[in-house]
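Per-entry structural report
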Amino acid sequence: MLDRMTVTAIEDVFTVDSPKGRRVDIHNRESYGISFCCGGRITYYQNDCAVVSDRRHMVLLPQGQDYSLVCDSAGLFPVINVLCTAAFRVTAPTAFPLRDAEPYLQDFEQLRELFFLGGRSARCMSILYRMLADIAAEQPGAQNLPDAALHYLEQHYADPALSNASAAAYLHVSEAYFRKLFRDRFGTTPKQYVLGLRIRKARRLLSERRCSIGAVAEDCGFSSVYHFSRAFRQAVGVSPTEYGQTARKDGI
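Residues numbered from 1 in each chain as written. Predicted model: local features only at pLDDT ≥ 70, side-chain atom pairs only at ≥ 80, totals over all residues. Heavy atoms only, no water.

Another point: the sheet that holds strand β9 (residues 94–97). With antiparallel pairing, 5 strands are arranged side by side in an open sheet as β1-β8-β3-β6-β9. With one partner strand each, in any of the chains shown, β1 (7–18) and β9 form the two edges of the open sheet. For this sheet, the mean inter-axis angle between neighbouring strands, taken without regard to orientation, is 20°. One ladder, built from 4 bridges, connects strand β3 (residues 32–35) with strand β8 (residues 75–84); its direction is antiparallel. Bridge assignment links Y32 to a residue of β8, and that residue is V82. On top of the sheet, helix α2 (residues 121–138) reaches β1, β3, β6 (57–61), β8 and β9; it is set at about 75° to β1, its chief contact. (Pairing = 2+ DSSP bridges. Helix = DSSP H or I, 4+ residues; strand = E, 2+ residues; numbered from the N terminus. Axes fitted to C-alpha atoms, helices over the stretch in contact; angles between N-to-C directions. Contact = heavy atoms within 4.5 Å.)

What follows is the structure, encoded as C-alpha cells:
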C-alpha cells in the first residue's frame with residue numbers, strides 16, 4: 001500500500017499533545033495523515049473497524065472519510081498531513097507495525113524543522129519517501145492479513161486462553177473486523193476453525209497412544225474434560241474413549 005503512495009504535497013507537520021479521554025469525531029478529512037506515537041495510545045474507530053496508534057504502529061488516516069478517535073492514554077502523536085494523487089485511495093484508518101519507532105521519530109523531527117524553514121520541499125519529500133519506503137519494507141502487506149490470522153490460530157490453538165480478542169489484539173484490529181476478515185477469506189469463523197484444529201489433534205492423540213481423556217483435553221486446548229467430550233462427540237459422533245479404543249484396535 002505505502003509503496004503505491006504518490007505524495008503531491010506536504011500540507012502540515014505537527015505534533016498533537018492528546019490528554020487521556022479526549023474524543024474527536026472527524027468528518028471528511030481534508031488530507032491523508034501519517035500519524036506516529038511518541039507515547040500514549042489512541043484508538044481510531046470507523047464502522048466495525050478499530051485500529052490503535054501506539055509506539056509500535058504508524059496509522060495512515062484516510063482523506064475524505066469520517067471516523068472518530070479516543071485517546072486511551074495521554075501522549076504525543078506526531079502527524080504529517082499530505083495530499084496524494086487520485087490513483088491512491090485508502091478509505092479507513094490503517095495501522096502499520098513498526099519494529100522500532102525511534103528512527104521514524106527522528107526523521108519526523110528533521111522533516112518538521114525543514115518544513116517550517118520553507119523553501120526545502122525537495123528535501124522534505126526525500127525524507128518523507130524514505131520513511132514510507134522503510135515502513136513499507138517492514139510490512140507483510142494488507143492482503144496477507146488473513147494469512148497472518150490463520151498462522152496465529154494455527155500456532156496458538158492449543159492454548160486454552162486463545163480467543164478472538166487475543167487474536168485481534170495480535171493483528172491490531174477490532175474483534176468484529178477480525179471475525180469478518182476471517183470469515184470472508186476462509187468461509188468459517190475463527191472459533192469453528194480452532195475447534196476443527198483441536199478435534200483433529202485429539203483424534204491423532206487418541207489413535208496414537210493410551211492416555212487419559214483429561215490429558216488429551218489439556219493438550220488440545222480445551223478448558224475442561226466436559227467441554228472436550230461434548231465437542232468431540234458432536235464433531236465425530238462418538239465419545240473420545242470409544243474413538244480411541246476403535247482407532248487403536250483398527251490401526252487407524
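That shown, we press on.
Below, the discussion takes up the layout of surface pockets. Roughly 460 Å³ of internal volume is contained in the second largest pocket. Counting only elements with at least two residues in the lining of the second largest pocket, the list comes to α6 (190–208) and α8 (225–236). When residues in the lining of the second largest pocket are grouped by element, the largest group, 6 residues, is from α6. Residues belonging to the lining of the second largest pocket are distributed by class as follows: 8 nonpolar, 7 polar and 3 charged. (1 Å grid on protein atoms, 1.4 Å probe; cavity = no way out; pocket = protein on both sides within 12 Å on 5 of 7 lines; lining within 4 Å. Points joined across faces, edges and corners; volume = space filled by probe spheres on them. Nonpolar A, V, L, I, M, F, W, Y, C, P; charged D, E, K, R; others polar.)

Moving on to the sheet that holds strand β2 (residues 23–26). The 4 strands are arranged β2-β7-β4-β5 in an open sheet whose pairing can be described as antiparallel. Either end of the sheet is taken by a strand with one partner, and the two such strands are β2 and β5 (49–53). Taken pair by pair, the neighbouring strands of this sheet meet at an average axis angle of 20°, ignoring direction. Inspection of the sheet shows strand β4 (residues 41–46) paired to β5 by 5 bridges, in the antiparallel sense. Each residue of the ladder has a partner; that of Y44, found in β5, is V51.

Now for the nonpolar core. Ranked by internal contacts, the top residues of the largest apolar core, which has 30 residues, are M5, I34, F36, L60, I80 and V82. Of all the elements in the fold, those that place two or more residues in this core are β1, β3, β6, β8, α1 (102–117) and α2. If one sorts the elements of this core by residue count, α2 sits on top with 7 residues. Look past the residues within four positions of I80 in its chain and what remains in contact with it is I10, D12, V13, Y32, G33, I34, F36, F108, L111, L128 and M131. Residues A149, Y157, F182 and L197 belong to the second largest nonpolar core, which totals 15 residues. (Core = buried A, V, L, I, M, F, W, Y, C linked by side-chain atoms within 4.5 Å. Buried < 20%, exposed > 50% of the residue type's maximum accessible area, 1.4 Å probe, protein only.)

A few words now on the confidence of the model for the protein. With 96% of its residues at a pLDDT of 70 or more, the protein has an overall mean of 90. When mean pLDDT is compared element by element in the protein, β3 scores highest at 98, while helix α9 (residues 240–250) scores lowest at 80. (pLDDT = per-residue confidence, 0-100.)

A word on the environment of E218. Mapped onto the elements of the fold, E218 is located in helix α7 (residues 213–219). On the basis of relative accessibility, which here comes to 60%, the residue E218 falls in the exposed class.

Here the focus is the packing of α6 against α8. Relative to each other, α6 and α8 sit at 90°, their axes nearing to 11 Å. As the angle between them shows, α6 and α8 are arranged roughly perpendicular. Facing L195, I199, A202, R203 and L206 of α6, the residues of α8 in contact are F228, A231, F232, A235 and V236. Partitioned by chemical class, the residues of the contact of α6 with α8 number 9 nonpolar, no polar and 1 charged. (Parallel < 35°, antiparallel > 145°, perpendicular 65-115°, else oblique.)

The terminal C-alpha atoms of α8 lie 16 Å apart, and with 12 residues this matches the ideal 16 Å at 1.5 Å per residue to within 8%. Residues F228, A231 and F232 constitute the buried set of α8. Across the axial projection of α8, the buried residues extend over an arc of 100°, all falling on one side. In this structure, α8 carries Y226 and Q234 as exposed residues pointing more than 90 degrees from its buried face. One or two positions beyond α8, positive phi appears at G237, with a value near 100°. (Expected span 1.5 Å × (residues − 1). Arc of directions from axis to C-beta.)

Moving on to the pairing of strand β7 (residues 67–73). Within β7, 5 of the 7 residues are buried, which leaves it mostly tucked inside the rest of the structure. One ladder, built from 4 bridges, connects β2 with β7; its direction is antiparallel. In the sheet register, V24 faces β7, and the bridge partner there is L69. When β4 meets β7, the two strands line up antiparallel, connected through 5 bridges. In the strand pairing of β7, T43 is matched with V70.

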